[in-house]
Amino acid sequence: MIIKPLRAFEDNYIWLITLDGIEHCAVVDPGDEEPVIAELDKRGLTLAAILVTHKHYDHTGGIDALKKQYPHVEVFGPGNESIRQIDHVVEDQQKISIPGMNLDFEVLSIPGHTEGHVGYLGNGVLFCGDTLFAGGCGRVFTGNFEQMSASLERISQLPPETQLYCAHEYTQANVGFGLWVEPQSVLLQQRKQSVEIAVAQARPTVPSSLQEELETNPFLRVEQPNVIAAAERWAGKPLKSNADVFTALRQWKDSDYD
Ligand SMILES: [Zn+2]
């Protein structure tokens, strides 16, 4: 399986999934059809499937045009969000097969950013949309903080070598916030340097491994004493649960940082 980023808008990634010697391919979260059609035309590929993580327009805006261009494409996505183009409503733990590609994924329900957000897990990777970002996590919009906290906890239980493909290039700002929470972290300081180099060279900082996130992403480190202490300092009160620590971190980043 080969995964290539197609850039869209300011900082979105549309992930293109191909197999050597196979004409069929799939994309994840096509907010814009243009970069997808351009790449497929160039390479003589046919779009077999669209995987949608959630309803936001920057993840779904290209679906109509892609359905027109590739009439046989099949669209997979969550049922409890208003995404009218879905052909196959997916549910937690459901196995899906990409038509013509002999590729299987398992659906992971990871709400919080939105109420029905899903991820697609398989072949050593997770397409996690706007739930987990490299070095950070999505904002809580139409889901809630408890859901988001539980979703991140669920992701953190996956094998640490899992490669995480999120939908935005937000890593530099995320790592900056991480250093507010854990200024002493050598791993985070090293990550900041490597991210700065990648950004300066216009290289994607995504994917990252779950291992790297467990070591440097504050939103996956809500059980670490120094993270709890930093969150409690910001909140000005003791925080009793993982969800409370998560909520304080998320609100801290929302209000003070950006
Ligand atoms: Zn979103």
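See the structure printed just above.
Residues numbered from 1 in each chain as written. Predicted model: local features only at pLDDT ≥ 70, side-chain atom pairs only at ≥ 80, totals over all residues. Heavy atoms only, no water.

Along the backbone of the protein there are nine helices and 14 strands. Relative to its length of 258 residues, the protein is compact, with a C-alpha radius of gyration of 18 Å against a globular reference of 18 Å. Counting only C-alpha atoms, the protein reaches 55 × 40 × 30 Å along its principal axes. The contacts in the protein between residues at least 6 apart in sequence include a share of 59% that link residues at least 24 apart. In the structure as shown, the protein presents an accessible area of about 11300 Å², 49% of it carried by carbon and sulfur atoms. The distance from the centre of the 20 positive side-chain charges to the centre of the 36 negative ones in the protein is 4 Å. (Helix = DSSP H or I, 4+ residues; strand = E, 2+ residues; numbered from the N terminus. Rg over C-alpha atoms; globule rule 2.2 N^0.38 Å. Contact = heavy atoms within 4.5 Å. Areas by Shrake-Rupley, 256 points an atom, 1.4 Å probe, with all protein chains shown as cover. Lys, Arg positive; Asp, Glu negative; His and termini not counted. Charge placed at Lys NZ, Arg CZ, Asp CG, Glu CD.)

Looking now at the sheet that holds strand 14 (residues 208-209). The strand order across the open sheet formed by six strands is 7-8-9-10-13-14, and the pairing between neighbours is mixed. Among the strands making up the open sheet, the edge pair consists of strand 7 (95-98) and strand 14. In this sheet, strand 9 (residues 118-122) lies alongside strand 8 (residues 103-109) in antiparallel orientation, the contact comprising four bridges. The partner of S109 across the bridge, within strand 9, is V118. (Pairing = 2+ DSSP bridges.)

Within the protein, the zinc ion binds to H54 (NE2), H56 (ND1), H113 (NE2) and D130 (OD); these donor distances fall in the range 2.2 to 2.3 Å. Seen from the zinc ion, its four donor atoms lie at angles of 89 to 168 degrees, and the figure they make is irregular. Binding-site remark: the zinc ion is held by donors from one chain whose sequence spacing is H-x1-H-x56-H-x16-D. (Donors = N, O, S within 2.8 Å, 3.2 Å for Na, K, Ca; no water. Tetrahedral: all angles 85-135°; square planar, octahedral: opposite > 155°, others 65-115°.)

The next thing to look at is the environment of P159. Assignment of secondary structure puts P159 in the loop between helix 4 (145-156) and strand 13 (163-166). Each C-alpha atom of the pair P159 and L40 lies 32 Å from the other, and the pair is 119 residues apart in sequence.

As a further point, take the pairing of strand 2 (residues 12-18). Of all seven residues in strand 2, seven are buried, a share of seventy percent or more. Burial along strand 2 is two-sided: the residues N12, I14, L16 and T18 and Y13, W15 and I17 are all buried. The pairing of strand 1 (residues 2-8) with strand 2 spans seven bridges and is antiparallel. Pairing of P5 across the sheet is with W15, part of strand 2. Hairpin remark: strand 1 followed by strand 2, antiparallel, with three residues in the connecting loop; positive phi at F9, about 50 degrees. Direction of pairing for strand 2 relative to strand 3 (residues 24-28): antiparallel, over a ladder of three bridges. The residue bridging L16 from the neighbouring strand is V27, located in strand 3. (Buried < 20%, exposed > 50% of the residue type's maximum accessible area, 1.4 Å probe, protein only.)

This paragraph deals with the pattern of salt bridges. Here the structure, examined in full by the defined rule, presents 13 salt bridges. One salt bridge in this structure joins R250 and D254, with 2.6 Å as the shortest N-O distance. Placement of both R250 and D254 in helix 9 (residues 242-257) is noted, with a separation of four residues, approximately one turn of the helix. (Salt bridge = Lys/Arg side-chain N within 4 Å of Asp/Glu carboxyl O.)

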